[in-house]
Structures are given as C-alpha cells and as structure tokens.
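Structural characterization, general
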Amino acid sequence: MSDKRKDYISWDEYFMGVAILASMRSKDPNTQVGACIVSQDNKILSMGYNGFPIGCSDDEFPWSREAEGLDSKYLYTTHSELNAILNYRGGSLEGATIYVTLFPCNECAKAIIQSGIKKLVYASDKYATAVNVLASKRMLKTAGVELISYQPSGRTITLNV
Ligand SMILES: O=c1[nH]c(=O)n([C@H]2C[C@H](O)[C@@H](COP(=O)(O)O)O2)cc1CO
Ligand SMILES: [Zn+2]
C-alpha cells in the first residue's frame, strides 16, 4: 500500500489562498482585498473582492483615493466581504467562516454579523488604528464572532496559469 502525499496544503492555506487569489481580480490600484466564505464542513460557499457594483465600469468610475466629492473611489467600491456575502446564491451563511486578506471595516462587520457568520480569519490588519476598524472589532467581539489572526505557513504557492 502506498502512503498518501505529505505536502498537500492545509485548509487554512487553501481558503486564505483562495481569498488572496480573489483579491488579484481587484482593479483598485492601492489596496486589493479578497474574501472567501466557508461552511462548517470546509466547503467554499462564496468569494468576493473589492470593486464597483455590476454595471459600473472600472474604466468610467474613479479609482482615486485622494480626490474629493464625486471623484473619490470610496463612494463607489463594494468591499470584498460584502461582495462575498451578496454573491452567495445558496441558503443561509449561519455558522460559516470568512477568510479575509484585510481586517473588515465597520460596515462589513455589520453584514458579517447579520448574515450569521461566526468566525473570521484575517491576514493583514494594516488599518488597525483606524476608527472604523476599532468599531468593527468592538461589534464583532460583542456579537460573539471569533477573530483569528492568520499565521502564514511560510509556504510559497506558485500557479502556472
Ligand atoms: O474592509 C475592507 N474591505 C475592502 O474591500 N476594502 C477595500 C475598499 C477599497 O477599494 C480598498 C481600500 O483602499 P485604500 O487602502 O486605498 O484606502 O479596500 C477596504 C476595507 C477597509 O478595511
Ligand atoms: Zn468593509
């Protein structure tokens, strides 16, 4: 009897890897974010990345983070976490886990909590001191969502696509 492969990727590497891959679809020149929602039995339910709503052209709407008023990207981008939740076409997300490449903002936290997601695994927390992230953590913790800081395995995964 032959032994099984030993260097297969872990569930965490797989799901965070999918979130990272989703982020690579983002057209945001500054921050690309990806999310992957997973069921309690390790099935991928949905994915998302930050971008403009369907029908709002990436070439017509602005990607500027400095511009004020109607030319700011912040008015138009749908965040990766919200996109992943809205992209889901199944039933309930109750009890699911969301893998995110960046800690979610307060608006995404509300959507995560209300959709019944119970666990959040995040990679970067580069805006940790921003007031919206502090508010996000306050809500997620109060609502009982488990927050797990992803520990990179150190493995490099190369895709020849
Ligand atoms: O939770 C988040 N999820 C998410 O998708 N984003 C997106 C919105 C913007 O397109 C980008 C943030 O842009 P910037 O880093 O230039 O401020 O990341 C931003 C946050 C904020 O934490
Ligand atoms: Zn958000």
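Please read all numbers here as calculations on a predicted model, not as lab measurements.

What about the pattern of salt bridges?
Applying the stated criterion to the full structure yields eight salt bridges. Among the ionic pairs, Glu 94 bridges to Lys 118, the shortest N-O distance being 2.9 Å. With Glu 94 in the loop between α2 (80–87) and β3 (97–102) and Lys 118 in the loop between α3 (106–115) and β4 (119–124), the pair connects residues that are 24 residues apart, well separated along the chain. The exposure class assigned to Glu 94 is exposed, which follows from its relative accessible area of 52%. Since its relative accessible area comes to 37%, Lys 118 is described here as partly exposed.

Comments concerning the site of ligand 1
By nearness alone, 17 residues border ligand 1, and Asp 28, Thr 31, Arg 65, Tyr 74 and Tyr 127 come closest of all. Taking Thr 31, its side chain carries an N or O atom lying 2.4 Å from an oxygen atom of ligand 1. Arg 65 places a polar side-chain atom, nitrogen or oxygen, 2.6 Å from an oxygen atom of ligand 1. Burial of ligand 1 by the protein amounts to 95% of the accessible area it has alone, namely 500 Å². Here the shell around ligand 1 is composed, by residue class, of seven nonpolar, six polar and four charged.

Brief notes about a nonpolar patch on the surface
Together, Ile 9, Trp 11, Tyr 14, Ile 20, Leu 21, Met 24, Ile 44, Met 47, Ile 157, Leu 159 and Val 161 line one region of the surface with nonpolar side chains, adding up to about 1100 Å² of accessible area. Listing elements by their share of the nonpolar patch, those giving two or more residues are α1 (11–23) and β2 (44–49). Here the nonpolar patch takes four residues from α1, the largest share from any one element. Position of Ile 20 relative to the elements: it lies in helix α1.

Re the pairing of strand β5 (residues 146–149)
Two faces belong to every sheet, and in a regular strand the side chains alternate between them. Sheet analysis places β4 next to β5, joined by four bridges and oriented parallel. Pairing of Lys 119 across the sheet is with Glu 146, part of β5. Each parallel crossover has a hand, and the one from β4 via helix α4 (residues 131–142) to β5 is right-handed.

Some remarks on the layout of surface pockets
The space that makes up the largest pocket amounts to roughly 510 Å³. Surrounding the largest pocket, 18 residues form its lining, Glu 13, Met 16, Gly 17, Ile 20 and Ile 157 being those nearest its centre. Top contributing element to the lining of the largest pocket by residue count: α1, with seven residues. Residue composition of the lining of the largest pocket, grouped by class: 13 nonpolar, three polar and two charged. As a volume, the second largest pocket reaches approximately 430 Å³. Tyr 74, His 79, Leu 102, Cys 105 and Tyr 127 are the residues nearest the centre of the second largest pocket, which is lined by 21 residues in total. The set of elements that each furnish at least two residues to the lining of the second largest pocket consists of α2 and α4.

Observations regarding the coordination of the zinc ion (ligand 2)
Surrounding the zinc ion (ligand 2) are the protein donor atoms His 79 (ND1), Cys 105 (SG) and Cys 108 (SG), which sit 2.0 to 2.3 Å from the metal. Under the relative-accessibility criterion, His 79 is labelled partly exposed at 32%. For Cys 105, a relative accessible area of 11% gives the class buried.

What counts, and at which threshold
Residues numbered from 1 in each chain as written. Chains lettered and ligands numbered in written order. Predicted model: local features only at pLDDT ≥ 70, side-chain atom pairs only at ≥ 80, totals over all residues. Heavy atoms only, no water. Salt bridge = Lys/Arg side-chain N within 4 Å of Asp/Glu carboxyl O. Helix = DSSP H or I, 4+ residues; strand = E, 2+ residues; numbered from the N terminus. Buried < 20%, exposed > 50% of the residue type's maximum accessible area, 1.4 Å probe, protein only. Near = heavy atom within 4 Å. Polar contact = N/O pair within 3.5 Å; in protein donor to acceptor, adjacent residues only side chain to side chain. Areas by Shrake-Rupley, 256 points an atom, 1.4 Å probe, with all protein chains shown as cover. Nonpolar A, V, L, I, M, F, W, Y, C, P; charged D, E, K, R; others polar. Patch = residues over 30% accessible without salt bridge, like charges linked within 9 Å, V, L, I, M, F, W, Y side chains within 5 Å. Pairing = 2+ DSSP bridges. Right-handed = clockwise from strand over helix to strand, strands pointing away. 1 Å grid on protein atoms, 1.4 Å probe; cavity = no way out; pocket = protein on both sides within 12 Å on 5 of 7 lines; lining within 4 Å. Points joined across faces, edges and corners; volume = space filled by probe spheres on them. Donors = N, O, S within 2.8 Å, 3.2 Å for Na, K, Ca; no water.

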